[in-house]
Amino acid sequence: MTSISAPTQFPPGFLWGGATAANQVEGGYDQGGKGLSIQDVMPQGIVGPRTDGPTPENLKLTGIDFYHRYAEDIALFAEMGFSVYRFSIAWSRIFPGGDDAEPNEEGLAFYDRVLDELERHGIEPLITLSHYETPLAIAEKYDGWVSRDVIALFERYVRVVFARYGHRVKYWLTFNEINSVIHAPFMSGGINTPKDELTPTDLYQAIHHELVASALATKIAHETDPQIKVGCMVLGMPIYPLSPDPNDLLASMTADHANLMFSDVHTRGEYPGYALRYFRENGIELQITEQDRELLAAHTVDFVSFSYYMSICETGDPARRLAGAGNIMGGVPNPHLPASEWGWQIDPVGLRVILNQFWDRWGKPLFIVENGLGARDELVESADAVDGFTVLDDYRIDYLRAHLQQVGEAIADGVQVLGYTSWGPIDLVSASTAQMSKRYGFIYVDRNDDGTGTLARYRKKSFHWYAQVIATNGATL
Ligand code: BGP
């Protein structure tokens, strides 16, 4: 008999680690035969306009030089005891022009080396096929996912990737935060048409193409090896009603539907009724073929993964619907929660809530593949530190501990959670601001917003804390 007050146990084999994206760490934007990706023309992140070509102030062009320092960085992850590392393959390293007839061998060889290094340290890879880094040529020639042709181009890429790595990588994600395309069509969907000129039909047609491509990738993965597990990846964020007014609840439910639709299709294989109603009432007429329907129905995902940073509120009262500062998803600020410097409201309990909701709704294993606190860090000299310098980031430890405790609570609620990869275990270039100063890492990287810095790595206080959490499988939380 187990005691009711027994401390939460993370299950044996729970995967602990961290997550990055190629465009935010690799650099080497023009090396190894890589073509340009949309990130190479986004020097100001999602807030600013794109440029015609790469410009020197774009920090992503050089990133944190993971392209050359991957072995050193993976060794540091291993030192923390990572059992999983989530990273993305830059599509434009494999198909530099987007629609090339043949893949770029140098690009493929780079990820062979990364996988070799992970294998040496016994770290399980978790690969994102597309993390906000559509080849620029696909954005410019095809308007990104608006064009049905992009499904075939993605298929070409995915077939090459599974043929090459499918035998050694068990966990895969298709599109990073697929639902974010609603808010950031260029970054998320490679859609070149400016957001305010994009018709709702084109936007949802692009979404439909991504959903079909995701099902196709799942099919190819399972054909490659039935042991492979494929997950969808959504930006997870509880949307609370601002008050008990039923109209606020209705507004939050409706806003939530816009996000839930993506995993509903991924897990159930068809569009839910509320989505069909939304299409009807907004004059959205989608081209959906019989083959599309069959693919969606037959190739649902094995698990659902999501990022979790914050929650927001919604209200049915337009006068109270203010924009959330620095929050790409909009919404109304919650008066009960503190916020990070960038306006992201900190809500550990919301993570337990969303884990329960997702588990109840889909009954699929869940994987938290991003979570963390973006903060400004100060590197200080320390005689005790192995590197001579460190960051005393108790604020980050507090944030992560509070969130992980809620993961433990959700596990105690009966939710099946496969693992947890914190976002940016090593400082990297921020997606929203395109700067270095919004840091998430356990490892500090000496690089500044103006591009200066030695790129040297330093263990922060949180590095040792996370190592301890992993070593005890969460018992020290
Ligand atoms: C998610 C993205 C990541 C990452 C993270 C933190 O939306 O999947 O790529 O960057 O958010 O965001 P930011 O870097 O803007 O703080």
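Residues numbered from 1 in each chain as written. Predicted model: local features only at pLDDT ≥ 70, side-chain atom pairs only at ≥ 80, totals over all residues.

As recorded by an unreviewed UniProt entry, the protein chain carries the name Glycoside hydrolase family 1 and is attributed to Nakamurella multipartita. Per its UniProt entry, the protein chain bears the Sequence similarities (unreviewed entry) comment "Belongs to the glycosyl hydrolase 1 family." (UniProt positions renumbered as here; feature names shortened; annotations may be inferred.)

Asker: Describe in detail the overall build of the protein chain, supporting the description with residues and values.
Answerer: Each helix and strand counted, the protein chain has 14 helices and 14 strands in total. Expected size for 477 residues packed as a compact globule is a radius of gyration near 23 Å; at 21 Å, the protein chain falls within 12% of this value. Projected onto its principal axes, the C-alpha coordinates of the protein chain cover approximately 65 × 55 × 45 Å. In the protein chain, which comprises 477 residues, the proportion classed as buried is 50%. In the protein chain, once contacts between residues fewer than 6 apart in sequence are set aside, the share between residues at least 24 apart is 75%. (Helix = DSSP H or I, 4+ residues; strand = E, 2+ residues; numbered from the N terminus. Rg over C-alpha atoms; globule rule 2.2 N^0.38 Å. Buried ≥ 20, exposed ≤ 12 C-beta atoms within 10 Å, placed from the backbone. Contact = placed C-beta atoms within 7 Å.)

Asker: Which residues make up the site of the ligand, and what values do they have?
Answerer: What surrounds the ligand is the set A21, N176, E177, S307, E370, G374, W423, S430, A431, S432 and K438. For the shell around the ligand, the residue count by class is three nonpolar, five polar and three charged. (Near = placed C-beta within 6 Å. Nonpolar A, V, L, I, M, F, W, Y, C, P; charged D, E, K, R; others polar.)

Asker: Can you lay out the confidence of the model for the protein chain for me, pointing to particular residues and giving the numbers?
Answerer: Confidence in the prediction of the protein chain, expressed as mean pLDDT, is 95, and 97% of residues score 70 or more. For this predicted complex, the interface score ipTM comes out at 0.98, alongside a pTM of 0.97. (pLDDT = per-residue confidence, 0-100.)

Asker: Account for the sheet that holds strand 12 (residues 417-423), with residues named and values stated.
Answerer: Strands sit in the order 1-2-3-4-5-7-9-12 around a closed barrel of eight strands; the barrel is parallel. Strand-to-strand, the axes of this sheet are offset by a mean angle of 25 degrees, without reference to chain direction. As judged from the three bridges shared by strand 1 (residues 15-19) and strand 2 (residues 84-88), these two strands associate in the parallel manner. Bridging from a neighbouring strand, A19 pairs with R86 of strand 2. (Pairing = 2+ DSSP bridges. Axes fitted to C-alpha atoms, helices over the stretch in contact; angles between N-to-C directions.)

Asker: Please provide a residue-by-residue account of the UniProt feature "active site" (unreviewed entry) in the protein chain, values included.
Answerer: The feature "active site" (unreviewed entry), as given by UniProt, occupies E370 in the numbering adopted here. Residues within four places of E370 in sequence aside, it is in contact with A19, S307, Y308, T421 and W423.

Asker: Can you break down the packing of helix 8 (residues 200-224) against helix 11 (residues 290-298) residue by residue, with the values?
Answerer: Contact geometry for helix 8 and helix 11: axes closest at 9 Å, N-to-C directions at 55 degrees. With respect to their mutual orientation, helix 8 and helix 11 come out oblique. With respect to the hand of their crossing, helix 8 and helix 11 are arranged in left-handed fashion. Here L211, V212, A215, L216 and K219 of helix 8 come into contact with helix 11, specifically with D292, L295 and L296. Partitioning the contact of helix 8 with helix 11 into residue classes produces six nonpolar, no polar and two charged. (Parallel < 35°, antiparallel > 145°, perpendicular 65-115°, else oblique. Left-handed = near helix turned anticlockwise from the far one by under 90°.)

Asker: Requested: an account of the pairing of strand 3 (residues 124-130), with residues and values cited.
Answerer: The buried count for strand 3 comes to six of seven residues, which makes it a mostly enclosed element. With five bridges joining them, strand 2 and strand 3 adopt parallel strand pairing. Residue pairing across strands places Y85 opposite P125, the latter belonging to strand 3. Strand direction decides the pairing type here: strand 3 and strand 4 (residues 171-175), joined by four bridges, are parallel. Within the sheet, the bridge partner assigned to I127 lies in strand 4 and is W172.

Asker: Explain the pairing of strand 5 (residues 229-236) residue by residue, including any values.
Answerer: Within strand 5, seven of the eight residues are buried, leaving the element largely enclosed by the surrounding structure. Here three bridges tie strand 4 to strand 5, and the two strands are oriented parallel to one another. Bridged to L173 within strand 5 is G231. Relative to strand 7 (residues 303-308), strand 5 runs parallel, the two being bridged by six bridges.

Asker: Please give an account of the environment of V25 that cites residues and values.
Answerer: Position of V25 among the secondary structure elements: in helix 1 (residues 22-25). As a C-alpha pair, V25 and F87 span 62 residues in sequence and 9.6 Å in three-dimensional space. Contact partners of V25, with chain neighbours within four places excluded, come to T20, G63, I64, F66 and L428.

Asker: Lay out the packing of helix 6 (residues 149-165) against helix 8 with the relevant residues and their values.
Answerer: Axis separation between helix 6 and helix 8 bottoms out at 10 Å; the angle between their running directions is 25 degrees. It follows from the interaxial angle that helix 6 and helix 8 lie roughly parallel. At the point where helix 6 passes helix 8, the crossing takes the right-handed sense. Two secondary-structure elements touch here, helix 6 through V150, I151, F154, E155, V158, R159 and F162 and helix 8 through H209, V212, A213, L216, A217, I220, A221 and T224.

Asker: Can you tell me about unusual backbone geometry, naming the residues and giving the values?
Answerer: With a phi angle near 60 degrees, D65 is a residue other than glycine that sits in the positive phi range. Examined against the element boundaries, D65 turns out to sit in the loop between helix 1 and helix 2 (66-79). According to the C-beta neighbour criterion, D65 is partly exposed, with 17 such atoms within 10 Å. Notably, A434 is not glycine yet its phi reads approximately 60 degrees, a positive angle.

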